[in-house]
Amino acid sequence: MASIRNILVSTYGRAMRKLNVARKHLPHDRLVLVCDSGDADLPTIKQNTLERGGEFIHVEVDPYDFEKCLSTCYKTLEDLKPLTLEAPLPGSLKVNISCGPKTLVGAMLFAAMNAGVEVYHCDVESATGKELVIKLPTVRDFEIHRRFSSDDWSVIEGMSGPREVRVLSKRTGFKDQRLERVLSKLEREGLLEQTMKGNTVWAQPTAIGRFYAGLAPQINERKVNSD
Amino acid sequence: MVTVFATLGYVPESVLPSLRTVGVERLVVFASAEDPKVEAAVSKVKDHCEKADIPFRRIKIVKPYDLEYVAEIIKETMDKYKGEQAIFNITGGTKVMAAAALIVCFLKGVPTEYAQEKTMEVIRLPLMKIDVTSQLTRRGKDIVKFLLTQKDQCAQTAKVRKALGMEKSTFSIHLKRLKDKGLVTVERDPRSSRGQVVRAIPTLKLLVMED
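Everything numeric in this text was worked out from a predicted model, so none of it was measured.

### Things to note about unusual backbone geometry
Residues and elements named next belong to chain A. In this structure, Arg-14 is a non-glycine residue whose phi angle is positive, near 45 degrees. Along the chain, the position of Arg-14 falls in the loop between strand 1 (6-11) and helix 1 (16-25). Judged by the 13 C-beta atoms lying within 10 Å of it, Arg-14 is partly exposed.

What follows is the structure, given as structure tokens:
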């Protein structure tokens, strides 16, 4: 199999015209569509991509289930990143977010910003018919694993569900002040909420917190390897 | 009390579910200018707000397909309500408007919600925060602030360094960090054979939120 250099990942949902603008302006050898499996356009898009000599992959997702969209989008991007690096020449990984419901678009945008991947919005201006390729701001070096310290990740790792702060302290071995500092930071970042039940303080992860908790093992592994 | 912000297109119903939130203080909608269908939607939402006694404000979006422009308008408007509890409904308007709103909300840490087209059931998206400013060093922030005051957000590297009173080596390190993060580019100065110019990316002002 020829190596894949340029990959285009796109959200989708009955918007062939917009997708075609992305396909035309963002060169790619592989098209990865993230959408509902019931989309009637999928066979046509697949056939068209194969006829052009490209590869086609469909990643199934319920576009209205934000939490699943987010983890699927992030995993897809992280899995694809190394492929563009393995090619004989450096390739590119680009994301188009012009199609599909805004829940899926929001999840893909957030996942791409966290993964440090370029994001585009390709559209057709309704009044003029002009094709638009808009590059959204990309920030490198702000990927998830760089945004949180080892202390933060130690706490995040065990946050798949509500936890008593006392139990977190025991598990991480952090003293009160250290744990409080981490929990306050994670609360500011929107990863968890602290609540009182009786005399007990609980840390309840938000949807984003659960998303990060799911990534913690692979982030920790990456941190260990890069140290 | 909550200020509800919303992008609005042709469907007035897309905004209404957010007004059922308890304690809505006001509604601020961002809607394209000079589109009769949008104007009709704005009128309906305005009427609804008057009946419900909710203060209504409309911000005209002259260039609904210009992401930077839309994001700047949204950011400037939201800054006026700084310190108040806010929620952003991203259902209506062009996708560019929604993408701009999402980016501003990521940077500001404002929660967003979306009303599903068919059922108008509200899906609340969790708080997704990306704080670029806090990841910059103090020196990095100084360079950014300086560039934002310059014409075309661009200046000779020597001029920036001297204005900020930095040693050459210190300046180089901080400039490289900003370059690695993709926030600035460094090019050869067309007016000098040896000099360089540093240029902020067009969205730098948007990404680097003021405290």
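### As for the environment of A:Phe56
Residue and element names in this part refer to chain A. Note on placement: Phe-56 falls in strand 3 (residues 55-60). Between the C-alpha atoms of Phe-56 and Ile-156, which are 100 residues apart in sequence, the distance is 35 Å. With near-sequence residues (within four places) excluded, Phe-56 lies in contact with Leu-31, Lys-46, Thr-49 and Leu-50.

### A word on the packing of helix 7 (residues 165-172) of chain A against helix 8 (residues 176-188) of chain A
All names here are of chain A. Where helix 7 contacts helix 8, the two axes come as close as 10 Å, and the packing angle between them is 110 degrees. Comparing the axis directions of helix 7 and helix 8 gives the class roughly perpendicular. As helix 7 packs across helix 8, the resulting crossing turns out to be right-handed. Mapping the contact onto sequence places Val-165, Leu-168, Ser-169 and Thr-172 in helix 7 and Asp-176, Leu-179 and Leu-183 in helix 8. Its residues placed into classes, the contact of helix 7 with helix 8 shows four nonpolar, two polar and one charged.

### Structural notes on the domain arrangement of chain A
Residues and elements named next belong to chain A. Along its sequence, chain A is carved into domain 1 (6-135) and domain 2 (144-226). A separation of 32 Å is found between the C-alpha centroids of domain 1 and domain 2. Taken together, the contact between domain 1 and domain 2 spans five residues of the former and four residues of the latter. Sort the elements by how many residues they give to the side of domain 1 that touches domain 2 and helix 3 (residues 66-86) lands first, with four residues. Looking at the side of domain 1 that touches domain 2, its residues break down into two nonpolar, two polar and one charged.

### Comments concerning helix 6 (residues 150-157) of chain A
Given 3.6 residues per helical turn, the α-helix brings residues three or four places apart onto the same face. Taken together, the buried positions of helix 6 of chain A are occupied by A:Trp153, A:Val155 and A:Ile156. Each buried residue of helix 6 of chain A sits inside an arc of 165 degrees when the element is viewed along its axis, so together they form one side.

### Here we look at the pairing of strand 9 (residues 200-205) of chain A
Residues and elements named next belong to chain A. Bridge count between strand 7 (residues 163-164) and strand 9: two bridges; the pairing is antiparallel. Along strand 9, the bridge assignment pairs Glu-164 with Trp-202. The pairing of strand 8 (residues 192-197) with strand 9 spans six bridges and is classified as antiparallel. Paired with Met-196 across the strands is Val-201, a residue of strand 9.

### Some remarks on the sheet that holds strand 7 (residues 154-156) of chain B
Residues and elements named next belong to chain B. Ordered in space as 7-9-8, the three strands form an open sheet in which the pairing is antiparallel. Each of the sheet's edge strands pairs with one partner strand only, and the pair in question is strand 7 and strand 8 (184-188). Recorded for the sheet is a direction-independent mean angle of 25 degrees between the axes of neighbouring strands. Looking at chain direction, strand 8 and strand 9 (residues 196-200) are connected through five bridges and run antiparallel. Bridge pairing in strand 9 links Val-184 to Ala-200. Contacting strand 7, strand 8 and strand 9, helix 5 (residues 157-164) crosses the sheet at an angle of about 85 degrees to strand 7.

### Overview of the sheet that holds strand 8 of chain A
Taken together, the three strands give an open sheet; going across it, the order is 7-9-8 (chain A), and neighbouring strands pair in antiparallel fashion. Each edge of the open sheet is held by one strand with a lone partner, namely strand 7 and strand 8 of chain A.

### Thoughts on the nonpolar core
A:Met108 and B:Ala100 are the most contacted members of the largest nonpolar core, which totals 119 residues. Residue contacts for B:Ala100: discarding those within four places in its chain leaves B:Leu67, B:Val70, B:Ala71 and B:Ile74.

### Some points on the pairing of strand 5 (residues 112-115) of chain B
All names here are of chain B. Alternating residues of strand 5 divide into Thr-112 and Tyr-114 and Glu-113 and Ala-115, and every residue in both groups is buried. Two elements, strand 4 (residues 85-89) and strand 5, share two bridges in a ladder whose sense is parallel. Within the sheet, the bridge partner assigned to Asn-89 lies in strand 5 and is Glu-113. Handedness of the strand 4-helix 3 (residues 95-108)-strand 5 crossover: right-handed. As paired elements, strand 5 and strand 6 (residues 122-125) share four bridges and run antiparallel to each other. Each residue of the ladder has a partner; that of Tyr-114, found in strand 6, is Ile-123.

The rules behind these values
- Residues numbered from 1 in each chain as written.
- Chains lettered and ligands numbered in written order.
- Predicted model: local features only at pLDDT ≥ 70, side-chain atom pairs only at ≥ 80, totals over all residues.
- Helix = DSSP H or I, 4+ residues; strand = E, 2+ residues; numbered from the N terminus.
- Buried ≥ 20, exposed ≤ 12 C-beta atoms within 10 Å, placed from the backbone.
- Contact = placed C-beta atoms within 7 Å.
- Axes fitted to C-alpha atoms, helices over the stretch in contact; angles between N-to-C directions.
- Parallel < 35°, antiparallel > 145°, perpendicular 65-115°, else oblique.
- Left-handed = near helix turned anticlockwise from the far one by under 90°.
- Nonpolar A, V, L, I, M, F, W, Y, C, P; charged D, E, K, R; others polar.
- Domains from an automatic or database assignment.
- Arc of directions from axis to C-beta.
- Pairing = 2+ DSSP bridges.
- Core = buried A, V, L, I, M, F, W, Y, C linked by C-beta atoms within 7 Å.
- Right-handed = clockwise from strand over helix to strand, strands pointing away.

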